[in-house]
Amino acid sequence: MATSGEEQQSQAGRHQEVGHKSLLQSDALYQYILETSVYPREPECMKELRELTAKHPWNIMTTSADEGQFLNMLLKLINAKNTMEIGVYTGYSLLATALAIPEDGKILAMDINKENYELGLPVIQKAGVAHKIDFKEGPALPVLDQMIEDGNHHGSFDFIFVDADKDNYINYHKRLIELVKVGGLIGYDNTLWNGSVVAPPDAPMRKYVRYYRDFVLELNKALAADPRIEICMLPVGDGITLCRRIQ
Ligand code: SAM
Ligand code: CA
């Protein structure tokens with residue numbers, strides 16, 4: 001456990017990298033990872049999208065560069081081809097996915113906000129991967145319900161990245177478990193929720209952190225108890241829980 005002195009020191013030293021919600025011991029260590037292995041290998045288009053996003057007022061929402069690199073590697077390791085993303089924003093994780101999957105790979109990408117997607121779209125187009133993306137504007141839940149009703153998408157997704165409204169993650173899981181194939185992966189993002197999952201209930205927290213915290217806690221318990229999946233919670237970014245469907 002960090003002493004309060006250490007906590008103060010690390011808070012004071014928190015660096016301002018966009019998308020940085022690192023849970024590492026120190027910011028220097030996180031900076032080391034970025035400078036040693038992430039930025040030198042970040043594709044030019046990812047860098048351009050990251051820098052463009054950094055200027056946007058809601059840049060706190062973006063996926064960090066180290067998590068983007070992780071997703072890109074993960075998708076290649078599992079040979080993902082048919083994928084889905086819920087929560088696109090300007091598209092940093094979307095581009096990491098689009099670059100990782102084959103030429104004929106697909107991403108069903110959903111967001112209630114098309115404007116932010118359109119900010120990043122020219123970069124995605126320039127990178128030559130826009131043809132892999134089927135963007136749907138609107139809430140994701142009704143689209144999932146429709147796909148389940150249609151009946152021809154069951155067990156068809158290799159990978160699904162969930163990075164949208166945390167109060168709906170449990171509702172997404174109920175549906176996604178049917179849509180992901182057996183052996184496929186669902187990644188739930190922000191499952192350590194700014195570290196608030198271990199904060200005492202009366203600790204000072206930003207309003208939105210407090211609001212979503214209970215949903216994240218509930219999700220984490222539900223995933224750990226779900227016999228249909230194997231799970232692995234990784235302290236990358238703000239925490240990502242990988243769920244591999246086994247039945
Ligand atoms: N993955 C993105 C990236 O790499 O930059 C970040 C996504 S951001 C954290 C969350 C996004 O979820 C926002 O763009 C928001 O508009 C979207 N969102 C919120 N509620 C949604 C819903 N019900 N259905 C689909 N998208 C939603
Ligand atoms: Ca996220």
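Computed from a prediction, not measured in an experiment: that's the story for all the values here.

## Remarks on the environment of E218
In step 1: In this fold, E218 is placed in helix 9 (residues 207-224).
In step 2: When the C-alpha positions of E218 and Y169 are compared, they lie 9.5 Å apart, and in sequence the two are 49 residues distant.

## A closer look at the nonpolar core
In step 1: Core analysis: the largest hydrophobic core is formed by 34 residues, its most contacted members being L94, L95, Y117, I124, I133 and F159.
In step 2: Broken down by element, the residue count for this core peaks at six residues, all from helix 5 (residues 92-100).
In step 3: Sequence-distant contacts of I133, that is, excluding residues within four places in its chain, are made with L94, I107, A109, Y117 and I124.

## A word on the pairing of strand 4 (residues 157-162)
A regular strand places its side chains so that they alternate between the two faces of the sheet.
In step 1: Across the six residues of strand 4, six count as buried, placing the element largely inside the fold.
In step 2: Pairing geometry for strand 1 (residues 82-86) and strand 4, over four bridges, is parallel. Across the sheet, M84 pairs through a bridge with I160, a residue of strand 4.
In step 3: Bridge count between strand 4 and strand 5 (residues 180-189): five bridges; the pairing is parallel. Across the sheet, residue F159 finds its bridge partner in strand 5, namely L185.

## Examining the site of ligand 1
In step 1: Residues in close proximity to ligand 1 total 20 residues, the closest being T63, G87, S93, D111 and D163.
In step 2: Within the backbone of Y89, a nitrogen or oxygen atom sits 3.4 Å from an oxygen atom of ligand 1.
In step 3: For ligand 1, a nitrogen atom lies 3.5 Å from a polar atom in the side chain of Y172.
In step 4: A majority-of-atoms criterion places ligand 1 in the second largest pocket.
In step 5: Of all the secondary-structure elements, those providing two or more residues to the shell around ligand 1 are helix 5 and strand 2 (106-111).
In step 6: For the shell around ligand 1, a count of residues per class yields ten nonpolar, six polar and four charged.

## A few points about the layout of surface pockets
In step 1: One number sums up the size of the second largest pocket: a volume of about 800 Å³.
In step 2: Around the second largest pocket, the lining is made up of 39 residues, and of these M61, D163, A164, D165 and K166 lie nearest the centre.
In step 3: Residue assignment for the lining of the second largest pocket shows that the elements contributing at least two residues are helix 5, strand 2 and helix 9.

## A few points about the packing of helix 3 (residues 44-54) against helix 6 (residues 114-126)
In step 1: Where helix 3 contacts helix 6, the two axes come as close as 10 Å, and the packing angle between them is 170°. Taken as axis vectors, helix 3 and helix 6 run roughly antiparallel relative to one another. On helix 6, the residues that touch C45, E48, L49 and L52 of helix 3 are L119, G120, V123 and K126.
In step 2: Residue composition of the contact of helix 3 with helix 6, grouped by class: five nonpolar, one polar and two charged.

## Notes on the packing of aromatic side chains
In step 1: For the structure on display, the rule yields six aromatic pairs.
In step 2: Measuring from centroid to centroid gives 4.1 Å for Y117 and F135, while their planes differ by 5°, and the two rings are stacked. Of this pair, Y117 sits in helix 6 while F135 sits in strand 3 (residues 133-137); the two residues are 18 residues apart in sequence, bridging distant segments of the chain. F135 carries the same exposure label as Y117, and that label is buried.
In step 3: Summarising the aromatic geometry, the rings of Y211 and Y212 are spaced 4.8 Å apart at their centres and angled 75° between planes, so their arrangement reads as edge-to-face.
In step 4: Assessed through its relative accessible area of 44%, Y211 is described here as partly exposed.
In step 5: Three or more aromatic residues joined by ring pairs make a cluster, and in this case those are W193, Y208, Y211, Y212 and F215.

So, how was this worked out
- Residues numbered from 1 in each chain as written.
- Chains lettered and ligands numbered in written order.
- Predicted model: local features only at pLDDT ≥ 70, side-chain atom pairs only at ≥ 80, totals over all residues.
- Heavy atoms only, no water.
- Helix = DSSP H or I, 4+ residues; strand = E, 2+ residues; numbered from the N terminus.
- Core = buried A, V, L, I, M, F, W, Y, C linked by side-chain atoms within 4.5 Å.
- Buried < 20%, exposed > 50% of the residue type's maximum accessible area, 1.4 Å probe, protein only.
- Contact = heavy atoms within 4.5 Å.
- Pairing = 2+ DSSP bridges.
- Near = heavy atom within 4 Å.
- Polar contact = N/O pair within 3.5 Å; in protein donor to acceptor, adjacent residues only side chain to side chain.
- 1 Å grid on protein atoms, 1.4 Å probe; cavity = no way out; pocket = protein on both sides within 12 Å on 5 of 7 lines; lining within 4 Å.
- Sits in = over half its atoms within 2 Å of the grid points.
- Nonpolar A, V, L, I, M, F, W, Y, C, P; charged D, E, K, R; others polar.
- Points joined across faces, edges and corners; volume = space filled by probe spheres on them.
- Axes fitted to C-alpha atoms, helices over the stretch in contact; angles between N-to-C directions.
- Parallel < 35°, antiparallel > 145°, perpendicular 65-115°, else oblique.
- Phe/Tyr/Trp six-rings, centres within 6.5 Å; stacked < 30°, edge-to-face > 60°.

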